[in-house]
Amino acid sequence: MKKFFYKIALLLICSSIFAQSGKKLEFKYKEGDNFSLISEISEDVFYNRVKHHHAEITSRVTERIDQVDENGRGHILASFMTTEKSRNLQGLGENQWNENLESEFWRDKSGRFEINEQYFMPVIRDMPVFPDRELKPGDKWIAEGYESEDLRKMGIPEPFKVPFMAQYVYLRDEEGISSDSSKEKRTFQVISARYTLYYETPEQDFAGSDYPCITMGNSDRLIWWDNEKGQIDHYTEKFRIEMETMLGNQFIFSGTTKVEYTEFKRTATEENVKNVMEKISDLGLDDISVTKTDKGLTISLENIQFKPDSAILQESEKEKIKKIADILAAYPENDLLISGHTARAGTEESCQKLSSERAVSVADFLIILGVRDKNRIFTQGHGSKIPVASNKTEEGKAKNRRVEITLLDK
């Protein structure tokens, strides 16, 4: 009888220990790995308590791990590209532009950054941060982090840092599908991360700038963590940030964020250039070149035909792009950048506008064809600023009147 109770007690102790066991959550870095994330922000912007405009901001970030040290820290080379569309209350004034920023930093296994003052990106740093212990659903912890705002337009030359204390809760384990192109079934650790801001800027000599005196707000983030990969898979966020400036102005940014991470392979190799050129030749396509660029593998459609002085594609060009779409389908992990160029005709302002509209026209057609989702295609218009031939001849103008499709590596 005693043996029976002893066995029962032992089983209870063992099951209790098993129930309490957890897992250590940490970032994992491997030299040569490439990641990209797509961030979609929908926000309302208020100026002095009056709604100024609504903005839809899509950011694409690529990260390449070029070193891993003996402590498991990863040295990351990052590139940030941002497109913003905004409308005022009358639905007018839509703007679209691209901003490209480079950055590099070390990040340790817990998630903490070591980054030089010259870099403005990323904005949110030291989040998430994991404790140096095993965790199980229900566990809570807190960790310091900070926002690093780019306020150069307000006359502040360095990143404007706002500290916060984040509260974390390991909510549960959840089965799901990976956000990258593999679409594998994964087990995610779902983590709540929240912080509240209230920061009074120390007196500083920001001569001539209307700098923020008080920054306050909150962020409520839900993270789906993939501990096998040691990376975030995706997250969602609700936020509200409020700034009161030295001159008494008030700015409020309120909205939501959705972010997905993917792993990808770089396309800008001599082998891929050769393979794509062979496919183009087999398809009987003319006036197309393929090159390696600093952003990735670029397919240049020279002398692309639109209806006169418009961004409406000729039917013959649609057929050409349909064939190009078949080539792009072989690289589903890479996002696309569509760049428009014109020959010099009229003012540079008119060239810029037309080149942007034509890039958007090609991007929209690729979306209709199902080549990529709209949040994975970016556009740029360069006007006539980057000619590849002389504008003094018709042949040169035809080469300059082009649209480039880049399979993005960064």
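Before going into details, it helps to say that this report is about the structure given with it. Quick caveat, the model's predicted, so the values are computed rather than measured. (Residues numbered from 1 in each chain as written. Predicted model: local features only at pLDDT ≥ 70, side-chain atom pairs only at ≥ 80, totals over all residues. Heavy atoms only, no water.)

1. A closer look at the sheet that holds strand 14 (residues 296–302)
- Taken in spatial order, the 5 strands line up as 13-14-17-15-16 in an open sheet, and their pairing is mixed. Of all the strands in the sheet, the pair left with one neighbour each is strand 13 (288–292) and strand 16 (377–381). Geometrically, the sheet is characterised by an average inter-axis angle of 20° between neighbouring strands, direction not taken into account.
- In terms of strand pairing, strand 14 meets strand 17 (residues 402–408) through 7 bridges, oriented antiparallel. Within the sheet, the bridge partner assigned to isoleucine 299 lies in strand 17 and is isoleucine 405. (Pairing = 2+ DSSP bridges. Helix = DSSP H or I, 4+ residues; strand = E, 2+ residues; numbered from the N terminus. Axes fitted to C-alpha atoms, helices over the stretch in contact; angles between N-to-C directions.)

2. Regarding the packing of helix 3 (residues 315–328) against helix 4 (residues 348–368)
- Between helix 3 and helix 4, the shortest axis-to-axis distance is 10 Å and the interhelical angle comes to 60°. Viewed along their axes, helix 3 and helix 4 adopt a mutual orientation that is oblique. Considering only the axes of helix 3 and helix 4, their crossing is right-handed. From helix 3, Lys318, Ile321, Lys322, Ala325 and Leu328 reach across to helix 4, where they touch Val362, Phe365 and Leu366.
- Per-class residue counts for the contact of helix 3 with helix 4 are 6 nonpolar, no polar and 2 charged. (Parallel < 35°, antiparallel > 145°, perpendicular 65-115°, else oblique. Left-handed = near helix turned anticlockwise from the far one by under 90°. Contact = heavy atoms within 4.5 Å. Nonpolar A, V, L, I, M, F, W, Y, C, P; charged D, E, K, R; others polar.)

3. Considerations on unusual backbone geometry
- Cis geometry is adopted by the peptide bond preceding proline 122, which originates at methionine 121 and carries an omega value of 0°.
- Mapped onto the elements of the fold, proline 122 is located in the loop between strand 5 (113–115) and strand 6 (124–125).
- We note that aspartate 126 has phi near 60°; this positive angle belongs to a residue other than glycine.
- Tracing the sequence through the fold places aspartate 126 in the loop between strand 6 and strand 7 (140–149).
- Residue class for aspartate 126 comes out buried when judged on its relative accessible area of 8%.
- A positive phi angle, near 55°, is found at aspartate 287, a position not held by glycine. (Buried < 20%, exposed > 50% of the residue type's maximum accessible area, 1.4 Å probe, protein only.)

4. Examining the pattern of salt bridges
- In total, this model carries 27 salt bridges according to the counting rule given.
- Note that aspartate 132 and lysine 24 form a salt bridge whose closest N and O atoms lie 2.4 Å from each other. Of this pair, aspartate 132 sits in the loop between strand 6 and strand 7 while lysine 24 sits in the loop between helix 1 (2–20) and strand 1 (34–47); the two residues are 108 residues apart in sequence, bridging distant segments of the chain.
- Arginine 112 is the salt-bridge partner of aspartate 126, the closest N and O atoms lying 3.3 Å from each other. Note that aspartate 126 is positioned in the loop between strand 6 and strand 7 and arginine 112 in the loop between strand 4 (98–107) and strand 5, a separation of 14 residues in sequence. (Salt bridge = Lys/Arg side-chain N within 4 Å of Asp/Glu carboxyl O.)

Scope: geometric values only; no functional claims are made or implied.
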